[in-house]
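# Working through the structure, step by step
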Amino acid sequence: MKSRYSFKDYDNKAFYNSAAWQRVSSAYMNSRSYICERCGKPAVICHHKKWLNGENVKDPYVALSFENLEALCLECHNIEHGLNHSVAIFDEDGDISRVRESQEAKEFKKNQEQIENLLRGIESRKE
Ligand SMILES: [Zn+2]
Ligand SMILES: [Zn+2]
């Protein structure tokens, strides 16, 4: 999945752009065959059931756990977050690369060991 996204009301862009998130979200979306878990249309977004904020983005067990993820199409995702909640889709040439690393992302990186453990668990679950 090439598209990237982030929410404008808080700065988790660096998290969404992280290698760990790219790996976990694509593994999860693959495991759901890129099908929306609510309506069966093609899914484009890996949603966090427990929404991410400036605090829990630092917790890999919330931010990177399969248990907290849901494959959604854009429509269902907009409904989940409310229609006023804007979602920006970035393509490969989007401006996300210009985003500076946030404090949250730096703290997130401190949890590298937990992240590696989670990734190992996810990868061993794949058949
Ligand atoms: Zn849907
Ligand atoms: Zn969401």
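Below, the structure is looked at part by part. (Residues numbered from 1 in each chain as written. Chains lettered and ligands numbered in written order. Predicted model: local features only at pLDDT ≥ 70, side-chain atom pairs only at ≥ 80, totals over all residues.)

### With respect to unusual backbone geometry
The phi dihedral of S33 falls on the positive side, at around 55 degrees, and the residue is not glycine. Note that S33 resides in the loop between helix 2 (19–31) and strand 2 (45–48). Its 9 C-beta neighbours within 10 Å are what place S33 among the exposed residues. Of note in this structure, Y34 is not a glycine but carries a positive phi near 55 degrees. On the secondary structure map, Y34 appears in the loop between helix 2 and strand 2. (Helix = DSSP H or I, 4+ residues; strand = E, 2+ residues; numbered from the N terminus. Buried ≥ 20, exposed ≤ 12 C-beta atoms within 10 Å, placed from the backbone.)

### Brief notes about the nonpolar core
A general trend in soluble globular proteins is that nonpolar side chains are found buried together. The biggest cluster of nonpolar side chains holds 11 residues, and these are A14, F15, Y16, W21, V24, L52, V57, A63, L64, I115 and L118. Broken down by secondary-structure element, the contributors of at least two residues to this core are helix 1 (13–16), helix 2 and helix 6 (112–125). Here the element with the most residues in this core is helix 1; it accounts for three residues. Leaving out residues up to four positions away in the same chain, W21 has contacts with F15, Y16 and L64. Counting nine residues, the second largest nonpolar core, distinct from the first, contains C36, C46, A71 and C73. (Core = buried A, V, L, I, M, F, W, Y, C linked by C-beta atoms within 7 Å. Contact = placed C-beta atoms within 7 Å.)

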